[in-house]
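Close look at the chain arrangement
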Amino acid sequence: MPVNFAERRARVLERIGPHAILLVPSSPTHVRNNDVEHEYRPDSDLYYLTGFREPNAALTLAQGDAPMTLFVRPRDLAREIWDGARVGVDGARAQFGAHASFDVQELDARLVDLMLDRRQLYYALGHDRAMDERVLSALFAARRKARKGKVAPTEIIEPSVVLHELRWRKDEAEIAAMQRAADISAKAFERALATTRPGAYEYEVEAELRGTFRRHGSERCAYEPIVASGPNACTLHYVTNDRRMEDGDLLLIDAGAESGSYASDVTRTFPVNGRFTPAQRRVYDAVLRAQQRAIAAVEPGATLPKVHAAAVRSLTESMVELGLLEGPIDALIEREEHKRYYMHGTSHWLGMDVHDVGREWIDGEPRTFEPGCVLTVEPGLYVRPDDETAPAELRGIGVRIEDDVLVTAEGHRVLTAAIPKEPEVIERRMAR
Ligand code: GLY
Ligand code: MN
Ligand code: MN
């Protein structure tokens, strides 16, 4: 499904109005160590509006005869021999639909004139201080220059109010990309189930995940994979992935492929030796039930707090059954006692960014779901190994189950449904 970048730009232009200019620079590059840089991941906003993936670039949009200007790195044979082909200044017009294009070195000077006769500047302050400095310098230069009936922007507006609201609702091409990312993740989890066994190391499973993503054309992981066996599952952002997995452990994997710049975000928890112990199974069933109830709440008009509340109620009931908490359910929820064993949120938006953009609250009210928005549903239950108040057989058990859920007109569709989570199915798969 071809992406219609021009249509996206047209929508932005319409929303910012006739007196505004929008500036979207690429995200900065970062040194990793000495003369090595971190892998460059194209800027989500810039990519959304142009499809352009190179670093050191900037886009401006403003209503008029030539709405789109792209600033890019110029062609440079010497650099291209080392770093690869560049689209170049002419390519920005020919391939990316820019009405005007310039060497990015000219950005500072040209921004001044681009801002003249505009009243609002849409620019995201605070993400890149060096760029902020350049943009503010250009703005003040434009104000000095503004005379004889010319104006310069008097307002700086956060572009997310336009851009991220568009990104929040996914179009058909975006949903197809997200389904593709989810399908690649499904293949990787299949490999992970097949590789996991007592005595193997967490990084061997991580290697299977990363290798499977790449083999199926995913450009990278959507975030650092968590491969957490045994007690490591209770460390929410565990990414060291270097423990030897033991007989009797659970393994929690939180990993997702990025494909076509869209993320998937999946968690599954399963027994390293292929069979849940009775205690593991009770915790697992509690999380699965909570997740099913939370997913059932996803439909147009529902909200993130509503989905979270469904998970929290179900988990709190289970915590009482498991002997982790004591007391009436409503009072426990009121006092947020569940946070002892379930300390994170249930959902976040998902899209080009794994924790995707889009407001969660509008005018003090939780935002209601609409067809095309995508969220994760990821309840968990974590009993720390040193928690002496918990029943002994539950200590060190951490379980999370996470799926990616698209809101549809009829309700919802689970994009990651192909990845097994019923305990019987997991045990059958691992017995093979
Ligand atoms: N993997 C990041 C998250 O689940 O939010
Ligand atoms: Mn996750
Ligand atoms: Mn998540």
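Owing to the predicted nature of the structure, the values given are computational and were not obtained by experimental measurement. (Residues numbered from 1 in each chain as written. Chains lettered and ligands numbered in written order. Predicted model: local features only at pLDDT ≥ 70, side-chain atom pairs only at ≥ 80, totals over all residues. Heavy atoms only, no water.)

**So, the overall build of the chain**
Helix and strand content of the chain: 13 helices and 21 strands. Taking all 432 residues of the chain together, the buried fraction comes to 54%. In the chain, the proportion of contacts linking residues at least 24 apart, taken out of those at least 6 apart, comes to 70%. For the chain, the exposed area adds up to about 19700 Å²; of that, 49% sits on carbon and sulfur atoms. (Helix = DSSP H or I, 4+ residues; strand = E, 2+ residues; numbered from the N terminus. Buried < 20%, exposed > 50% of the residue type's maximum accessible area, 1.4 Å probe, protein only. Contact = heavy atoms within 4.5 Å. Areas by Shrake-Rupley, 256 points an atom, 1.4 Å probe, with all protein chains shown as cover.)

**Here's the deal with the coordination of the manganese ion (ligand 3)**
Note on the manganese ion (ligand 3): its protein donors are Asp265 (OD), His348 (NE2), Glu378 (OE) and Glu402 (OE). The metal-donor distances range over 2.0 to 2.2 Å. Coordination geometry of the manganese ion (ligand 3): the 6 donor atoms subtend angles of 51 to 155° at the metal centre, consistent with an arrangement described as irregular. Sequence spacing of the donor residues for the manganese ion (ligand 3), all on one chain, is D-x82-H-x29-E-x23-E. The manganese ion (ligand 2) is placed at 3.3 Å from the manganese ion (ligand 3), the two being bridged by aspartate 265. With aspartate 265 in the loop between strand E13 (262-263) and strand E14 (266-271) and glutamate 402 in the loop between strand E19 (398-400) and strand E20 (403-407), this residue pair connects regions lying 137 residues apart in the sequence. Aspartate 265 gets classed as buried once you look at its relative accessible area, which sits at 4%. Its relative accessible area of 0% is what places glutamate 402 among the buried residues. (Donors = N, O, S within 2.8 Å, 3.2 Å for Na, K, Ca; no water. Tetrahedral: all angles 85-135°; square planar, octahedral: opposite > 155°, others 65-115°.)

**Structural notes on the coordination of the manganese ion (ligand 2)**
All of the protein donors around the manganese ion (ligand 2) are Asp254 (OD), Asp254 (OD), Asp265 (OD) and Glu402 (OE); their distances to the metal are 2.0 to 2.4 Å. With 6 donor atoms in place around the manganese ion (ligand 2) and angles of 56 to 169° between them, the coordination shape is irregular.

**Brief notes about helix H13 (residues 423-431)**
Those residues of H13 that sit buried are Pro423, Ile426, Glu427 and Met430. Along the axis of H13, the buried residues cluster in a sector spanning 95°; they form a single face. (Arc of directions from axis to C-beta.)

**A look at the sheet that holds strand E9 (residues 220-221)**
Think of a sheet as strands paired side by side through backbone hydrogen bonds, with each pair either parallel or antiparallel. Spatially, 3 strands are ordered E9-E12-E13 in an open sheet, and the strand pairing comes out antiparallel. In this open sheet, the two edge strands, each paired with only one partner strand, are E9 and E13. As judged from the 2 bridges shared by E9 and strand E12 (residues 257-259), these two strands associate in the antiparallel manner. Paired with arginine 220 across the bridge in E12 is glutamate 258. Each of E12 and E13 touches helix H8 (residues 172-195); the most contacted strand, E12, lies at about 145° to it. (Pairing = 2+ DSSP bridges. Axes fitted to C-alpha atoms, helices over the stretch in contact; angles between N-to-C directions.)

**What about unusual backbone geometry?**
Phi is positive for asparagine 56, close to 60°, though the residue is something other than glycine. Looking at the secondary structure, you find asparagine 56 in the loop between helix H2 (44-50) and strand E4 (58-62). The backbone of asparagine 241 sits at a positive phi, close to 55°, despite the residue not being glycine. By the secondary structure assignment, asparagine 241 is in the loop between strand E10 (226-229) and strand E11 (250-255).

**Topic: the site of ligand 1**
Close contacts around ligand 1 come from Tyr223, Asp254, Asp265, His348, His355, Glu378 and Glu402, and that covers them all. At a separation of 3.2 Å, a nitrogen atom of ligand 1 approaches a polar side-chain atom of aspartate 254. A distance of 3.2 Å separates an oxygen atom of ligand 1 from a polar atom in the side chain of glutamate 402. If ligand 1 stood free it would expose 200 Å²; the protein chains cover 86% of that surface. Considering only residue class, the shell around ligand 1 consists of 1 nonpolar, 2 polar and 4 charged. (Near = heavy atom within 4 Å. Polar contact = N/O pair within 3.5 Å; in protein donor to acceptor, adjacent residues only side chain to side chain. Nonpolar A, V, L, I, M, F, W, Y, C, P; charged D, E, K, R; others polar.)

**A few points about the packing of aromatic side chains**
For the structure shown, the criterion picks out 7 aromatic pairs. Feature note: the residues Trp168, Trp349 and Phe369 constitute an aromatic cluster, connected by ring pairs. Taking NZ or CZ as reference, arginine 367 lies 3.7 Å from the ring centre of tryptophan 168, over its face. (Phe/Tyr/Trp six-rings, centres within 6.5 Å; stacked < 30°, edge-to-face > 60°. Lys NZ or Arg CZ within 6 Å of the ring centre and 35° of its normal.)

**Here we look at the pairing of strand E5 (residues 68-72)**
The buried count for E5 comes to 5 of 5 residues, which makes it a mostly enclosed element. Here E5 shows no split at all, with Met68, Leu70 and Val72 on one side and Thr69 and Phe71 on the other all buried. Bridge count between E4 and E5: 4 bridges; the pairing is antiparallel. Residue pairing across strands places threonine 60 opposite threonine 69, the latter belonging to E5. Across 4 bridges, the pairing between E5 and strand E6 (residues 100-103) is parallel. Residue pairing in the sheet places threonine 69 in a bridge with alanine 100 of E6.

**Regarding the sheet that holds strand E21 (residues 412-414)**
Strands sit in the order E17-E20-E21 across an open sheet of 3 strands; the sheet is antiparallel. Two strands close off the open sheet at either side, each with one partner strand: strand E17 (374-377) and E21. Strand-to-strand twist of the sheet, defined as the mean angle between neighbouring strand axes without regard to direction, takes the value 30°.

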